[in-house]
Amino acid sequence: MSKFFNHRNGPIGALLLSLCCYLAGGAWTASAQSSSPPQDVVRRYEGGRLLVIQKYSYALLDAALERSVARYGRYKVEPVATEMSPARLRKEVLKGDLINVVVRPPGNKEMDEGLIPVDVPLEKGLFGYRVPFIRAGDQTRLEHVRNIAGLQQLRLGTAEEYLAKAIYQHNGIEVVTAGNYGSLLLMLEHGRLDVFPVGINWFLAEAEYNHYKNKYPTLAIEQHLLIHYPFAHYVYVSKSALGLSERIRYGLQEMQNDGSFDRLFDKHFAQAVADLRFHQRTIIELENPFLPAWAKIPKIKWR
């Protein structure tokens with residue numbers, strides 16, 4: 001074989017030389033690819049104290065990204081810890097440079113139209129179920145409330161900026177608002193509102209619940225009602241990261257198919273749902289007209 005390489009101008013020598021160069025180039029390319037940066041970079045907001053829904057959603061998102069590696073390649077998560085107001089957070093994720101992934105409920109037109117929603121409800125609509133806080137002495141009175149007409153005789157409390165305010169008003173319910181939870185609980189204790197419906201996140205942070213219970217001694221969990229309106233949290237992706245939205249959707253759907261989505265959901269929420277006896281409560285259904293057409297949220301069957 002060595003004599004062929006010596007014939008530099010011969011056709012066989014030229015062919016062999018080209019083949020060696022091609023193979024060497026291929027080996028270099030493979031080596032370069034193995035050390036190449038991740039195909040997708042997830043830049044998500046982790047400033048301040050992470051809420052229950054964020055902790056769960058990020059755990060679910062991480063698992064979905066792992067499930068997508070075989071199809072989409074490597075990825076990297078770059079948390080953004082800079083403190084931001086809600087307005088600045090919206091601005092940054094719409095730009096897509098500093099932050100390109102956010103977990104939000106639908107209903108904000110700017111975000112619904114300016115971002116790419118991954119249409120898988122992360123907590124399966126659980127946060128649309130609201131357990132009422134009441135004054136302890138009002139339990140007997142509340143046991144007669146079994147439909148919207150009954151709720152319309154009460155004053156419901158919610159934070160001023162929350163979508164719940166518009167949902168309650170759409171359903172003909174009187175709403176009392178305040179800027180924070182502490183103010184609402186104080187108003188409840190002093191009789192300025194009758195019911196303060198809250199999400200399951202209140203009962204997952206036991207220390208926080210005990211703090212409010214000690215501060216407002218008449219605070220009690222109503223025992224038979226469960227107020228529901230269609231509501232969920234979704235992953236939103238900046239339009240500059242279209243491929244990332246497809247990847248996340250694929251990973252979440254794979255988790256739904258193999259049951260790991262349900263297992264993670266149960267790990268975070270099943271005990272609190274059982275403790276609050278969701279399956280025994282009277283569910284009052286409210287309309288939510290503010291959902292975009294793509295947000296299909298199935299009802300959870302508690303019984």
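Refer to the preceding data block for the structure.
Residues numbered from 1 in each chain as written. Predicted model: local features only at pLDDT ≥ 70, side-chain atom pairs only at ≥ 80, totals over all residues. Heavy atoms only, no water.

Engineer: Looking at this structure, I do not really get the sheet that holds strand E11 (residues 234-238). What am I missing?
Structural biologist: Paired through backbone hydrogen bonds, the strands of a sheet run either parallel or antiparallel to each other. Read from one edge to the other, the open sheet built from three strands follows the order E3-E11-E4, with strand pairing classed as antiparallel. The strands lining the two open edges of the sheet, one partner per strand, are strand E3 (101-104) and strand E4 (115-118). Taking each pair of neighbouring strands and ignoring which way they run, the sheet shows an average axis angle of 30°. Judged from the four bridges that link them, E4 and E11 form a sheet pairing that is antiparallel. Bridged to Leu115 within E11 is Ser238. Helix H5 (residues 86-95) contacts E3, E4 and E11 of the sheet and is inclined by roughly 130° relative to E3. (Pairing = 2+ DSSP bridges. Helix = DSSP H or I, 4+ residues; strand = E, 2+ residues; numbered from the N terminus. Axes fitted to C-alpha atoms, helices over the stretch in contact; angles between N-to-C directions. Contact = heavy atoms within 4.5 Å.)

Engineer: Teacher, can you tell me more about the pattern of salt bridges here?
Structural biologist: Note on pairing: side chains with opposite charge can pair once their charged atoms come close. With the rule as written, the count across this model stands at 19 salt bridges. Between Asp138 and Arg135 there is a salt bridge, with the nearest N and O atoms lying 2.8 Å from each other. Of the two residues examined, Asp138 and Arg135, each falls in the buried class. For Glu222, the salt bridge identified is with Arg281, shortest N-O distance 3.8 Å. In this pair, Glu222 is assigned in the loop between strand E9 (219-221) and strand E10 (225-228) and Arg281 in the loop between helix H13 (260-275) and strand E12 (282-285), connecting sequence segments 59 residues apart. Side by side, Glu222 and Arg281 carry an identical accessibility label, which is buried. Taken together, the salt bridges that share partners define one network made up of Arg135, Asp138, Arg141, Arg155 and Asp194. (Salt bridge = Lys/Arg side-chain N within 4 Å of Asp/Glu carboxyl O. Buried < 20%, exposed > 50% of the residue type's maximum accessible area, 1.4 Å probe, protein only.)

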